[in-house]
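# A structural walkthrough
Letter by letter, the chains look like this.
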Amino acid sequence: CFINEYLNGELYQMKKKMVGSLLFLFFMLFTGFSGYDKAPDFQLKSTDGKIVKLSDYKGKIVIVDFWATWCPPCRKGIPDLVELQKTYKDDLVIIGISLDDKRTMKDVVPFVGKYEINYPVVFGDENVVSAFGGIESIPTSFVIDREGNITNVHVGLIPKAEYEKDINKLLK
């Protein structure tokens, strides 16, 4: 089928990267993101009722992933995040920030169990979305170094290898 060939083809991948780059450029222009801005700290309630603060993970590489249960690309990417958390457990923590609203918030805890998510999942709010410059599309993830600086932003579903490049660069 032409559609499958297109979706798997180089042209599609090139366009996808170009769109991601443009979204990142707009993010940088409109939020003042310089590439090494401090990540905003937050305190959010997790699915197990604990308060999770980004600052609790200073000294670790952190991936903050904005997602929702109803988002197909988010669902597709979560197994990669679970695997990354297993592989880099001594150096990395992933924090999933659910942007599910009141209609789907009840689905988050069962979702965490079904997908065997092995990292903290918290319930996001407008404050954290605003603090991170506004989240226009999900999934959106922020890669944060050991000192709390944002080193990369990924808008949309990306291959696990892209995260691994970010992580390995920060491990050096």
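Details of the structure are given in the entry above.
Our subject in this report is the structure included herewith.

What counts, and where the lines are drawn
- Residues numbered from 1 in each chain as written.
- Predicted model: local features only at pLDDT ≥ 70, side-chain atom pairs only at ≥ 80, totals over all residues.
- Heavy atoms only, no water.
- Salt bridge = Lys/Arg side-chain N within 4 Å of Asp/Glu carboxyl O.
- Helix = DSSP H or I, 4+ residues; strand = E, 2+ residues; numbered from the N terminus.
- Buried < 20%, exposed > 50% of the residue type's maximum accessible area, 1.4 Å probe, protein only.
- Pairing = 2+ DSSP bridges.
- Contact = heavy atoms within 4.5 Å.
- Core = buried A, V, L, I, M, F, W, Y, C linked by side-chain atoms within 4.5 Å.

### Quick word on the pattern of salt bridges
Once their charged atoms are close, side chains differing in charge can pair, the charge on each being opposite to the other. Counted according to the given criterion, the structure contains 4 salt bridges. Here Arg 146 ties to Asp 91 by a salt bridge, and the two come within 3.2 Å at their closest N and O atoms. A residue pair is termed long-range when its members are at least 10 positions apart, and Arg 146 in the loop between strand E6 (140-144) and strand E7 (150-155) and Asp 91 in the loop between helix H3 (72-87) and strand E4 (92-98) qualify at 55 residues. According to the relative accessible area criterion, Asp 91 is partly exposed, its value standing at 25%. The salt bridge involving Glu 162 is made with Lys 165; its shortest N-O contact spans 3.5 Å. Within this pair, Glu 162 and its partner Lys 165 are both found in helix H6 (residues 160-171), separated by 3 residues, close to a single helical turn. The class for Lys 165 is exposed, based on a relative accessible area of 55%.

### Comments concerning unusual backbone geometry
Residue Pro 139 follows Ile 138 across a cis peptide bond; omega there is 0 degrees. The phi dihedral of Glu 116 falls on the positive side, at around 50 degrees, and the residue is not glycine. Considering the arrangement of structural elements, one finds Glu 116 in the loop between helix H4 (108-114) and strand E5 (121-123). Residue Glu 116 is classed as exposed on the basis of its relative accessible area, which comes to 61%.

### Structural notes on the pairing of E7
Sheet topology note: the E6/E7 ladder contains 5 bridges and is antiparallel. Looking across to E7, one finds that Val 143 is bridged to Asn 152. The loop that links E6 with its antiparallel partner E7 comprises 5 residues; one of these, Gly 148, has a positive phi angle of about 90 degrees.

### Considerations on the side chain of Thr 104
Residue placement: Thr 104 occurs in the loop between E4 and H4. When near neighbours in sequence (up to four residues on either side) are disregarded, Thr 104 contacts Thr 69 and Trp 70.

### A word on the nonpolar core
In terms of nonpolar packing, the biggest core is built from 46 residues, with Phe 42, Val 64, Phe 66 and Ile 97 touching the most fellow members. Per-element accounting of this core gives the leading share, 6 residues, to strand E3 (residues 61-67). Ignoring anything within four residues of it in the chain, the contact list for Val 64 reads Phe 42, Leu 54, Ile 95, Ile 97, Phe 132, Thr 140, Ser 141, Phe 142 and Ile 144.

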